[in-house]
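Descriptive analysis of the structure
Each chain is listed here by its residues.
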Amino acid sequence: DTAVSQTPKYLVTQMGNDKSIKCEQNLGHDTMYWYKQDSKKFLKIMFSYNNKELIINETVPNRFSPKSPDKAHLNLHINSLELGDSAVYFCASSPSAGGPYTQYFGPGTRLTVL
Amino acid sequence: GQNIDQPTEMTATEGAIVQINCTYQTSGFNGLFWYQQHAGEAPTFLSYNVLDGLEEKGRFSSFLSRSKGYSYLLLKELQMKDSASYLCAVRGFTGGGNKLTFGTGTQLKVEL
């Protein structure tokens, strides 16, 4: 069973389009995250939700809008896609927002904007 | 804010020992993690240090000195499958949650 899953795995789209990436975790964790890994492999946090509440919101363009319908799901919607949005997006989860807990990462979604 | 430095690339020989260093400057420290990431895959957890000293887990060990803002990951008996990127990440508090700040990663190449 996959602990943290993401769909789709690959996403190729044109500039200006709107797209969504979905994430689900079956670990019973309270906290979920979205990270962006650019072409230089730098992994940077974008958002974090704890029990459906937004707790971390880094300096991300407001074209990016996360949504957490329940604590097992965290989706990422991106409006008006730009070339610079091309990256691998990783979802992650951890048991809670505090405490000595590691984060478990999903397989990633490779987004290519043409 | 947080600043994390680690070497970009390292090369080592199969069967040898390699040490990957990480230095950090942070305004709030709540633990340091090491992750391994193979090309095209997700990062996977290797080790966690929050107190000074050495944590050993099989062929992998990680050391932390909070006063020096320094950690290293030690890999023993290197195998070809250890060729990967090794990410140092520091956790600090922000708002209501923990935030992991990652270094740029050290690409390790294990050769015969």
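Residues numbered from 1 in each chain as written. Chains lettered and ligands numbered in written order. Predicted model: local features only at pLDDT ≥ 70, side-chain atom pairs only at ≥ 80, totals over all residues. Heavy atoms only, no water.

Another point: the overall build of chain B. The helix and strand inventory of chain B stands at zero helices and eleven strands. Along chain B, helices and strands appear, N-terminal first, in the series β-β-β-β-β-β-β-β-β-β-β. Relative to the globule expectation of 13 Å for 112 residues, the C-alpha radius of gyration of chain B, 14 Å, shows essentially globular dimensions. With respect to the principal axes defined by its C-alpha atoms, chain B has extents near 45 × 30 × 20 Å. Within the span of chain B, comprising 112 residues, buried residues form 49% of the whole. Of all intrachain contacts in chain B linking residues separated by at least 6 positions in sequence, the fraction that spans at least 24 positions is 55%. Roughly 5,300 Å² of accessible area belongs to chain B as shown, and the carbon and sulfur atoms make up 49% of that amount. Taking the 9 positively charged and 10 negatively charged side chains of chain B as two groups, their mean positions are separated by 7 Å. (Helix = DSSP H or I, 4+ residues; strand = E, 2+ residues; numbered from the N terminus. Rg over C-alpha atoms; globule rule 2.2 N^0.38 Å. Buried < 20%, exposed > 50% of the residue type's maximum accessible area, 1.4 Å probe, protein only. Contact = heavy atoms within 4.5 Å. Areas by Shrake-Rupley, 256 points an atom, 1.4 Å probe, with all protein chains shown as cover. Lys, Arg positive; Asp, Glu negative; His and termini not counted. Charge placed at Lys NZ, Arg CZ, Asp CG, Glu CD.)

Turning our eyes to something else, we now look at the side chain of Q6(A). Residues and elements named next belong to chain A. Checked against the element boundaries, Q6 lands in strand β1 (residues 4-7). Overall, the relative accessible area of 7% leaves Q6 in the buried class. A distance of 2.9 Å separates a polar atom in the side chain of Q6 from the backbone oxygen of Y89. Other than its neighbours up to four places away in sequence, Q6 contacts I21, K22, C23, W34, Y89, F90, C91, G106, P107, G108 and T109. (Polar contact = N/O pair within 3.5 Å; in protein donor to acceptor, adjacent residues only side chain to side chain.)

Below, the discussion takes up the pattern of salt bridges. All names here are of chain A. Across all of its chains, the model carries nine salt bridges over all chains by this definition. Salt-bridge contacts for E58 lead to K44; the nearest nitrogen and oxygen are separated by 3.9 Å. A residue pair is termed long-range when its members are at least 10 positions apart, and E58 in the loop between β6 (53-57) and β7 (64-70) and K44 in strand β5 (residues 43-50) qualify at 14 residues. The exposure class assigned to E58 is buried, which follows from its relative accessible area of 17%. (Salt bridge = Lys/Arg side-chain N within 4 Å of Asp/Glu carboxyl O.)

Take the confidence of the model for chain B next. For chain B, mean pLDDT is 92; residues scoring 70 or higher make up 96% of the total. When mean pLDDT is taken per element in chain B, strand β8 (residues 70-75) of chain B scores highest with 98 and strand β10 (residues 97-102) of chain B scores lowest with 81. (pLDDT = per-residue confidence, 0-100.)

The full count for this structure, using the stated rule, is two disulfides over all chains. C23(A) shares a disulfide with C91(A); S-S distance 1.9 Å. Note on the C23(A) and C91(A) pair: the S-S dihedral is about -75°, so by sign convention the disulfide is left-handed. A residue pair is termed long-range when its members are at least 10 positions apart, and C23(A) in strand β3 (residues 19-25) and C91(A) in strand β9 (residues 87-94) qualify at 68 residues. Side by side, C23(A) and C91(A) carry an identical accessibility label, which is buried. With a sulfur-sulfur separation of 2.0 Å, C22(B) is cross-linked through a disulfide to C88(B). Handedness here is read from the sign of the S-S torsion; for C22(B) and C88(B), about -70°, the answer is left-handed. Note that C22(B) is positioned in strand β3 (residues 18-26) and C88(B) in strand β9 (residues 84-94), a separation of 66 residues in sequence. (Disulfide = S-S within 2.5 Å.)

Inspection of the entire model under this criterion finds one cavity of 30 Å³ or more. Considering only enclosed or pocket space, the largest cavity measures out at about 30 Å³ in volume. Residue lining of the largest cavity: Y33(A), S94(A), S96(A), A97(A), G98(A), G99(A), Y101(A), Q103(A), R91(B) and N98(B), and that is the complete set. Considering only residue class, the lining of the largest cavity consists of three nonpolar, six polar and one charged. (1 Å grid on protein atoms, 1.4 Å probe; cavity = no way out; pocket = protein on both sides within 12 Å on 5 of 7 lines; lining within 4 Å. Points joined across faces, edges and corners; volume = space filled by probe spheres on them. Nonpolar A, V, L, I, M, F, W, Y, C, P; charged D, E, K, R; others polar.)

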